[in-house]
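Survey of secondary and tertiary structure
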Amino acid sequence: MPAPHRQPRYRAIADELRRRITAGAIPAGALIPSESALTAEFRVARGTIREAINVLRSEGLVVTEHGRGTYARPNLPIRRLGPERYLNRLPQPGDEGTGPESDRLSDEQVDAEYHEVSADPELAEMFEVEPGSGLLKRRLLTSAYGVPQQLTIAYYLLNMVAGTPVADPGREPWPGGHVAQLQSLGVAVTKVQEVVRARVPTIDEVKALRLPIGVPVLTVIRRTYAEARIVEVASSMVLPADRIALEYEIRV
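Let us look at the structure shown here. Since this is a predicted model, take the numbers as computed values, not measurements.

Looking now at the environment of R73. Position of R73 relative to the elements: it lies in the loop between β2 (69-72) and β3 (79-81). Classification of R73 as partly exposed rests on a relative accessible area of 21%. In the structure, R73 is positioned 179 residues away from V252 in sequence and 40 Å away in space, judged by C-alpha atoms. In this structure R73 touches A28, G29, G60, L61, V62, V63, P212 and D242, once residues within four positions along its chain are discounted.

Given below as structure tokens:
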């Protein structure tokens with residue numbers, strides 16, 4: 001008969017520390033016990049404790065910072081996004097804090113970089129225009145509560161926005177988002193199409209969004225229509241999976 005499988009000791013220790021974190025015995029943001037304390041408590045070698053901590057770090061439950069130590073990852077505000085976020089209009093008096101802007105977090109800041117580029121074959125296909133057509137590329141890093149929330153690479157047709165306030169990165173964050181930007185140009189959005197996927201973040205995304213090890217991202221590809229015309233493309237909207245919730249209502 002084969003010998004019964006026995007869980008490695010470091011896995012059992014990781015399970016116990018995970019239980020303490022999720023139960024609140026080690027509160028969010030609190031340091032976990034030192035390696036010396038855990039070595040004495042569980043009566044194992046220091047290397048076994050480090051393996052257990054690595055398991056929790058890979059799961060995104062703990063964060064290690066040089067000079068501070070290892071601590072339970074703080075609970076971050078969850079941004080809830082649903083289809084209604086595209087039902088925007090130009091802001092009116094008395095709209096503050098209500099209505100279509102409810103998806104926005106308080107203290108929102110946007111680091112915006114705009115550049116004029118030519119459409120490569122992939123972007124030309126997404127816009128249904130000729131390769132080489134002029135586009136306005138927008139890189140938007142959105143933060144709230146001092147924490148990055150979203151990294152967006154999006155494009156407008158250059159001949160539609162050139163010389164308008166929409167082409168000014170200093171106006172970000174724009175109340176009402178890109179739908180209100182288009183409305184300010186007299187372009188009425190009739191449809192927004194999104195494709196959502198999950199994946200492991202790139203090194204640049206980890207750095208920009210300050211992602212702990214083990215936290216995946218949701219990616220959204222978006223095309224915005226005015227009747228049959230595609231007027232905006234977001235080739236990459238990257239959302240940390242620990243800070244976002246996508247909400248949908250499906251009626252049948």
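To continue, consider the environment of S184. Residue position: S184 is located in helix α6 (residues 177-184). Under the relative-accessibility criterion, S184 is labelled partly exposed at 37%. A distance of 2.5 Å separates a polar side-chain atom of S184 from the backbone oxygen of Q181.

Judged by pairing direction, the sheet is antiparallel, and its six strands sit side by side in the order β4-β5-β6-β9-β8-β7 without closing on themselves. A single partner strand is all that each edge strand has here, and the edge strands are β4 (109-118) and β7 (191-199). Averaged over all neighbouring strand pairs, the angle between strand axes comes to 15°, with direction disregarded. Where strand β8 (residues 217-226) lies against strand β9 (residues 229-240), nine bridges are found, and the strand directions are antiparallel. Opposite R222, over in β9, you have A234 as the bridge partner.

Below, the discussion takes up the nonpolar core. For soluble globular proteins, nonpolar side chains are generally found buried alongside one another. By size, the foremost hydrophobic cluster in this structure holds 28 residues, and its most contacted members are F127, L135, Y156 and M160. Only β4, α4 (121-127), β5 (134-144), β6 (147-157), α5 (158-161), α6, β8 and β9 provide two or more residues apiece to this core. In contact with F127, other than residues within four places in its own chain, are L135, Y155, Y156, L157, I230, V231, E232 and V233. If you look at the next biggest cluster of nonpolar residues, it comprises 16 residues, including F42, A52, I53 and V55.

Counting buried residues in α6 gives six out of eight residues, a clear majority hidden from the surface. Turning to α6, its buried residues are G177, H178, V179, A180, Q181 and L182. Phi for G186, located one or two positions after α6, is positive at around 85°.

It is worth spelling out the pattern of salt bridges at this point. The final tally for this structure, using the stated rule, is 15 salt bridges. As a salt-bridge pair, E35 and R46 come within 3.1 Å of each other at their nearest N and O atoms. With E35 in helix α2 (residues 35-42) and R46 in helix α3 (residues 46-58), this pair connects stretches of sequence that are eleven residues apart. Accessibility expressed as a relative area gives 28% for E35, which makes it partly exposed. Salt-bridge contacts for E247 lead to R80; the nearest nitrogen and oxygen are separated by 3.4 Å. With E247 in the segment after β10 (244-246) and R80 in strand β3, the pair connects residues that are 167 residues apart, well separated along the chain. Linked by salt bridges that have partners in common, E16, R19, R20 and E41 make up one network.

Criteria and thresholds
In this numbering scheme, every chain counts its residues from 1 along its sequence in written order. Note on the predicted model: pLDDT of at least 70 is required for a residue's local features to be given, and 80 or more for side-chain atom pairs to be given and counted; whole-chain, interface and lining totals, by contrast, use all residues. Working from all heavy atoms in the structure, the side-chain values ignore hydrogens and water. Only runs of H or I of at least four residues qualify as helices and only runs of E of at least two qualify as strands under DSSP, and these elements are numbered from the N terminus. Between buried and exposed lies partly exposed: a residue is buried under 20% and exposed over 50% of the maximum accessible area for its type, with that area taken using a 1.4 Å probe on protein chains only. Contact definition: two residues touch when any of their heavy atoms are within 4.5 Å. Nitrogen and oxygen atoms within 3.5 Å of one another constitute a polar contact, given that in protein one can donate a hydrogen and the other can accept it, and given that sequence-neighbouring residues count only through two side-chain atoms. The rule for pairing is simple: two strands pair if DSSP sees at least two bridges between them. Axes, fitted as lines to C-alpha atoms, cover a helix only where it is in contact. Angles between the N-to-C directions of the axes lie from 0 to 180 degrees. Joining through side-chain atoms within 4.5 Å is the link that ties buried Ala, Val, Leu, Ile, Met, Phe, Trp, Tyr and Cys residues into a set, and such a set is a nonpolar core. The rule for a salt bridge is simple: a side-chain nitrogen of Lys or Arg has to be within 4 Å of a carboxyl oxygen of Asp or Glu.

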